[in-house]
Amino acid sequence: MDKFIDIFQFTHFRKYLDEYQAARVQTDPEFTRAGACALLGLPKTRSYYNDIVKGKKLTGRMIPKFVEVLGLNKKEAKYFETMVNFDQAKTTTERNAFFDELIKLHPDPHHILNEDAYEYYNHWYNSVLFTALDVMDVSDDLEPIQKRIFPKVSVGTLKRSLELLERIGFVRKNEDGFWKSSRDSVSSGAYNNNDLVRQYQLQCFELSKQALLADDDNPSDMGTFTFSVSDDAYKEIALEIQNLKAKVRKIITQDKKEATGVHQLNIHLFTNLKK
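Residues numbered from 1 in each chain as written. Predicted model: local features only at pLDDT ≥ 70, side-chain atom pairs only at ≥ 80, totals over all residues. Heavy atoms only, no water.

Moving on: the overall build of the chain. Scanning the chain for helices and strands turns up twelve helices and two strands. Its helices and strands taken in sequence order, the chain reads α-α-α-α-α-α-α-α-α-α-β-β-α-α from the N to the C terminus. Every one of the 275 residues in the chain was classed for burial, and the buried ones make up 35%. By sequence separation, contacts in the chain at least 24 residues apart represent 57% of the contacts at least 6 residues apart. When the accessible surface of the chain is totalled, it reaches about 17,900 Å², and 50% of it is carbon and sulfur. (Helix = DSSP H or I, 4+ residues; strand = E, 2+ residues; numbered from the N terminus. Buried < 20%, exposed > 50% of the residue type's maximum accessible area, 1.4 Å probe, protein only. Contact = heavy atoms within 4.5 Å. Areas by Shrake-Rupley, 256 points an atom, 1.4 Å probe, with all protein chains shown as cover.)

Structural data, given as structure tokens:
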């Protein structure tokens, strides 16, 4: 069967189904979204395929039927099933596990992301350690910094993190034997993969939660409020947030004094009413 499009170009199964149907109907006029329902063994509904593309849950019972209709071979079928599990995962841990599986199943993992970048962004403590090297003199003995990092991580974990930072060229030892950052900052930049960045952001949001619940004297400034505005006002607020982030980056870049702390800023702006 003609594959119509390459499944390995996708990491989201709904987008794959959307573009697959659009490609196949060009040579198979009967493969409309309504027509696909009959092939899936659902002759009494004409909206199921479209409902799945729009966000309806795809159950495990229906996955083999989709595999058959899509004409997927064994490896493609496993990749499709993993995409479904990844998209529908309920926890960060599950999403991370299924994303790892996507990487392993993909014939060219670099198509999804640079593996070192994935490893860097997959764990929040990599960026914290990278930044902390500007604040502390860190030697191969990682216990002093391990005692200060919040939330706590093991010395072994920090050792592996340091090895990663050295391997990807983010840190190096200075003449005094201390590990120091070899670049001013890290951006997702060339590694701008939506799934990758999303996993990192989810971990950062979890850190905010832990900081909010922590009973300690560490400084924090957290606030939330819900509001109603027009679309134009919403766009203006979003622009001001972008300006704020640019201003914060400028302050960080122009700060010539010795760093004394590692901080995290998370800004969330989202809608509570779907369009």
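Next comes the rest of the description.
This paragraph deals with the packing of aromatic side chains. Here the structure, examined in full by the defined rule, presents twelve aromatic pairs. A centroid spacing of 6.1 Å and a plane angle of 80 degrees characterise the contact between Phe31 and Tyr49, whose relative ring orientation is edge-to-face. One end of the pair, Phe31, is in the loop between helix H1 (13-24) and helix H2 (33-39); the other, Tyr49, is in helix H3 (residues 48-54), with 18 residues separating them in the sequence. Among the residues examined, Phe31 registers a relative accessible area of 0% and is labelled buried. Taking 6.2 Å as the distance between ring centres and 45 degrees as the angle between the ring planes, the aromatic pair formed by Tyr48 and Phe66 counts as tilted. Of the two residues, Tyr48 is situated in helix H3 and Phe66 in helix H4 (residues 63-70); the sequence distance between them amounts to 18 residues. Since its relative accessible area comes to 10%, Tyr48 is described here as buried. (Phe/Tyr/Trp six-rings, centres within 6.5 Å; stacked < 30°, edge-to-face > 60°.)

Another point: unusual backbone geometry. The peptide bond linking Phe150 to Pro151 adopts the cis configuration, its omega dihedral lying at -10 degrees. Checked against the element boundaries, Pro151 lands in the loop between helix H9 (143-146) and helix H10 (155-167).

By themselves, these observations are geometric and do not establish any function.
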